[in-house]
Amino acid sequence: MSLLQVERLNAFYGDFQALFDVSLDVAPGTISAVIGPNGAGKTTLLRAIAGGVRKLDGAITLKSEPLRGLAPEAITRKGIGLVPEGRRLFPSLTVRENLLIGGSPKRSGPWDLNAVHDLFPILKERGHHMSTELSGGQQQMVAIGRALMTNPDLILCDEISLGLAPTIVEDIYALLPKITDNGTALIIVEQDVGRALRSATRVSCLMEGRVVLQGPADAYSFDEVAAAYFGAPAA
Amino acid sequence: MTELMNIAVQGIAIGGLYALFAAGLSIVFGVLRLVNLAHGDMIILGAFTGYVVAVSAGMGFFAALVIAPILMGFVGYWLQRLLLNRVIGKDILPPLLVTFGLSMMIQNALLLVFTADSRKIALGEIEVASVQLAPGVAVGSYGLIVLAVAVALIGALHLIFTRTAIGRAFRATADDFETARHMGIPTPHVFGLATGLALMACGIAGVLLAVWTSFTPLSGTARLLIAFEVIVIGGIGSIWGTLIGGFLLGLAQAIGGAINPEFQMLAGHLAFLVILVLMPGGILAKGARA
């Protein structure tokens, strides 16, 4: 039984088509990686699922409930959390307040302020700081914690390693299984193909808005993915 | 010396009223980034609502001070949900045009119902009574009441913005409206509440104005100008800034008026210009907001 199903999704920005017949299946408690070069449509795919793209064709369902056409806040209430590209924390809110904002849909589940503090103890310590005073890695933890606070069935993570030191990225990736242990699924958009293959159970590679490679992450070697990246047929 | 003290006291008392004029404008601009050109007329609508409750229905001033803001808040919520939510977006022109249209509609509807006669809510002895602060320094009791209401309202707004879940949602929405939606904040409702709160403030300001001076359906424009000056002086989007801006504008007018009664309004505008040139962000500029 899949959690999220995306079927033959086409997305448009005005007359420009950003996604062509993209399909995706996500099972509960799994990590799916979406990779591809800049401009391949990875962010558009996440935005489309989260309700941020107006012009869409095709079907998006979460636990068999259609999501396409719903407002972003309604989609969050249905159980999809978002860790946006560039984190997009609220600058006039403290760390604690940023987390509490995620709690506003009042969905029931294992995640509350204490659970997020257990996952990222530093956020408890720095709770009364403004989010802008934190280091990049800590800000990313706030962004992830804020999404967790909505108690989602699925979290969309857009480039969580962007601009962070490699050791910090390792630390954050090491914590992801603690999130999926509860049955929460993750879709991660990642530039680092090696990391994506290591941490994900399934991988989809996008090129110019089309899926060029899709399947279990351990079925593909780095070289095969690299070949797909550069447009050559996978060996 | 006592004369100076008297001027200062008068300026601060009317400054409280000016802060009340500005509070609603500041909320709507701060949360929705919407410049409400009908704001002055909404204060006057609040004044007429208060007049109907206090005088026409004979329930008196204090009933009006409670009922008019509640009615106005209700109107504000639905005005936002049914009309203004449809026009806010990346383009700032549509909301300007719509609120300008609203301003015309409110003025003309009030003219139709209440005619152009000037009205006032009479409060009897309180209006002429005064309190002796020091030998030779006195302040009108009503001025003190207005000042107390202004400080209480601004303080309450500050607490709402900083301590409550809805205040948090207000600030998050103002920071980044799109991300707020992705965190599950129902922005149409949040915007409705913000405008509702703003119009409640207009209701309070309107009822207090209706005792302070007489008003007609066309009195709104002058109040809009004052409200704008107050929030620019105090710092756009800052709640406490409206109180400081109100005091400064009131003081400038009181000082100007003491030099020559004709200078009263001019002194206020000059103070506004000086602040705009020297501190374009206002006295409590960003960083001190809410």
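Keep in mind it's a predicted model, so treat the numbers as computed, not measured.

Reading guide: rules and limits
Residue numbering note: each chain is counted from 1, following its sequence as written. Going through the entries in the order they are written, you letter the chains from A and number the ligands from 1. Where local features are concerned, this predicted model is filtered to residues with pLDDT of at least 70; where side-chain atom pairs are given and counted, the filter is 80 or more; whole-chain, interface and lining totals use all residues. With hydrogens and water stripped out, all remaining heavy atoms of the structure feed into the side-chain values. For the purposes of this entry, the term helix denotes a DSSP run of H or I that reaches at least four residues, the term strand denotes a run of E that reaches at least two, and both are numbered from the N terminus. Each residue is assigned to one of three classes by its accessible area relative to the maximum for its type, calculated with a 1.4 Å probe on protein chains only: buried under 20%, partly exposed between the two thresholds, exposed over 50%. Working definition of accessibility: Shrake-Rupley area with a 1.4 Å probe, residue cover restricted to the visible protein chains. Here the term cavity refers to a set of points on a 1 Å grid, laid over the protein atoms alone, in which a 1.4 Å probe fits but cannot get out; the term pocket refers to an open set having protein on both sides within 12 Å along at least five of seven lines, with lining residues being those that place an atom within 4 Å of a point. Grid points are joined across faces, edges and corners, and a volume is the space filled by probe spheres set on the points. In the scheme used here, Gly and all other residues not listed as nonpolar or charged are polar, with Ala, Val, Leu, Ile, Met, Phe, Trp, Tyr, Cys and Pro taken as nonpolar and Asp, Glu, Lys and Arg as charged. Pairing between strands is defined by DSSP: at least two bridges between the two strands are required. Lines fitted to the C-alpha atoms define the axes, with helices restricted to the stretch that makes contact. Angles between their N-to-C directions range from 0 to 180 degrees. We call two directions roughly parallel when the angle between them is under 35 degrees, roughly antiparallel when it is over 145, roughly perpendicular when it lies between 65 and 115, and oblique otherwise. Whether two residues are in contact is decided by their heavy atoms: any pair within 4.5 Å suffices. Working rule for handedness: look at the near helix, and if it is turned counterclockwise from the far one by less than a right angle, call the crossing left-handed; if clockwise, right-handed. Throughout, buried area stands for the accessible area (probe radius 1.4 Å) lost by two parts on being put together, summed over both. In the sections that follow, a salt bridge refers to a side-chain nitrogen of Lys or Arg positioned within 4 Å of a carboxyl oxygen of Asp or Glu. Any pair of nitrogen or oxygen atoms within 3.5 Å is treated as a polar contact; in protein, a donor-acceptor pairing is required on top of that, and neighbouring residues in sequence qualify only through side-chain atoms on both sides. The criterion is simple. A nonpolar core is a set of buried Ala, Val, Leu, Ile, Met, Phe, Trp, Tyr and Cys residues joined through side-chain atoms within 4.5 Å.

Enquirer: How would you sum up the overall build of chain B? Please name residues and give values.
Expert: Helix and strand content of chain B: 12 helices and 2 strands. Dimensions of chain B, computed from C-alpha atoms along their principal axes, come out at roughly 60 × 45 × 30 Å. Taken over 290 residues, chain B has a buried fraction of 52%. As displayed, chain B offers around 12,300 Å² of accessible surface, 72% of which is attributable to carbon and sulfur atoms.

Enquirer: Please give an account of empty space enclosed by the protein that cites residues and values.
Expert: Residue and element names in this part refer to chain A. The final tally for this structure, using the stated rule, is 3 cavities of 30 Å³ or more. The calculated volume of the second largest cavity comes to roughly 40 Å³. Around the second largest cavity, the lining residues are L24, D25, S32, R202, V203, S204 and Q214. Looking at the lining of the second largest cavity, the elements with two or more residues in it are β2 (16-26) and β9 (202-207). Ranked by the residues each element gives to the lining of the second largest cavity, the list is headed by β9, at 3 residues.

Enquirer: Lay out the layout of surface pockets with the relevant residues and their values.
Expert: Summary: where empty space remains is shown by rolling a probe the size of a single water molecule over the atoms. Its volume calculated, the largest pocket comes out at about 1,100 Å³. What lines the largest pocket is a set of 40 residues, among which R54 of chain A together with I88, G89, F177 and R181 of chain B lie closest to the centre. Only α1 (42-50) and α2 (72-78) of chain A together with α1 (2-32), α4 (93-114), α7 (165-175), α8 (177-182) and α9 (187-212) of chain B provide two or more residues apiece to the lining of the largest pocket. Looking at which element gives the most residues to the lining of the largest pocket, the answer is α8 of chain B, with 4 residues. Its residues assigned to classes, the lining of the largest pocket shows 22 nonpolar, 8 polar and 10 charged. In this structure, the second largest pocket spans a volume of roughly 350 Å³. Lining the second largest pocket are 19 residues; nearest its centre among them are Q10, G11, A13, I14 and W212 of chain B. Those elements that provide at least two residues to the lining of the second largest pocket are α1, β2 (137-140), α6 (141-163), α9 and α11 (239-259) of chain B. Considering only residue class, the lining of the second largest pocket consists of 10 nonpolar, 8 polar and 1 charged.

Enquirer: Break down the sheet that holds strand β4 (residues 55-62) of chain A for me, with residues and values.
Expert: Read from one edge to the other, the open sheet built from 4 strands follows the order β2-β1-β4-β5 (chain A), with strand pairing classed as antiparallel. In this open sheet, the two strands that pair with only one neighbour each are β2 and β5 (65-66) of chain A.

Enquirer: An account of unusual backbone geometry is requested, with residue identities and associated values reported.
Expert: All names here are of chain A. Of note in this structure, R8 is not a glycine but carries a positive phi near 45 degrees. Positionally, R8 belongs in strand β1 (residues 4-13). Phi at N151 is positive, roughly 50 degrees, even though this residue is not glycine. Considering the arrangement of structural elements, one finds N151 in the loop between α6 (136-148) and β7 (154-158). Exposure remark for N151: the relative accessible area of 6% places this residue in the buried category.

Enquirer: Account for the packing of α1 of chain B against helix α10 (residues 220-234) of chain B, naming residues and giving values.
Expert: All names here are of chain B. Look at α1 against α10: their axes get within 8 Å of each other, and the N-to-C directions meet at 80 degrees. Accordingly, the angle class assigned to the pair α1 and α10 is roughly perpendicular. Of the residues in α10, those in contact with Y18, F21, A22, L25 and S26 of α1 are R223, L224, I226, A227, F228, V230 and I231. For the contact of α1 with α10, a count of residues per class yields 10 nonpolar, 1 polar and 1 charged.

Enquirer: I'd like to hear about the packing of α1 of chain B against α9 of chain B, residue by residue, with values.
Expert: Residues and elements named next belong to chain B. Interaxial distance between α1 and α9 falls to 9 Å at its minimum, and their mutual angle equals 165 degrees. With respect to α9, the element α1 is oriented roughly antiparallel. The crossing of α1 and α9 is left-handed. Where α1 approaches α9, its residues A13, I14, L17, L20, F21, A23, G24, I27, V28, V31 and L32 are matched on the opposing element by F191, A194, T195, L197, A198, A201, I204, A205, L208, L209 and W212. Within the contact of α1 with α9, the residues separate by chemical class into 20 nonpolar, 2 polar and no charged.

Enquirer: Break down the sheet that holds strand β8 (residues 185-189) of chain A for me, with residues and values.
Expert: All names here are of chain A. Taken together, 6 strands build an open sheet; the order of strands is β6-β7-β8-β3-β9-β10 and the sheet is mixed. Whereas interior strands pair on both sides, the edge strands pair on one side only; in this sheet they are β6 (80-83) and β10 (210-216). On average, adjacent strands in this sheet sit at an angle of 15 degrees to one another, irrespective of strand direction. Note that strand β3 (residues 31-35) and β8 share 4 bridges and pair parallel.

Enquirer: An account of the interface of chain B and chain A is needed here, citing residue identities and associated values.
Expert: The interface is formed by 18 residues belonging to chain B together with 22 residues belonging to chain A. Around 1,800 Å² of area is buried between chain B and chain A when both sides are counted, 57% of it from carbon and sulfur atoms. It is R168, H182 and M183 of chain B in chain B that bury the most area against chain A; as a group they hold 39% of the surface buried on that side. At the junction of chain B and chain A, the tally comes to 3 salt bridges. A salt bridge links E73 of chain A to R181 of chain B; the nearest nitrogen and oxygen atoms lie 2.7 Å apart. Run the count over chain B and chain A and you get 8 residue pairs in polar contact (both at pLDDT 80 or more). Among the secondary structure elements, those contributing two or more residues to the side of chain B that touches chain A are α7, α8 and α9 of chain B.

Enquirer: Please provide a residue-by-residue account of the nonpolar core, values included.
Expert: Ranked by size, the top nonpolar core spans 81 residues in total, and within it L20, F21, I27, V31, M42, F61 and L208 of chain B carry the most contacts. Top contributing element to this core by residue count: α9 of chain B, with 15 residues. When near neighbours in sequence (up to four residues on either side) are disregarded, I27 of chain B contacts L32, L157, F161, A194, L197, A198 and I239 of chain B. Within the second largest apolar cluster, 46 residues are counted, among which are L148, L197, C205 and A217 of chain A.

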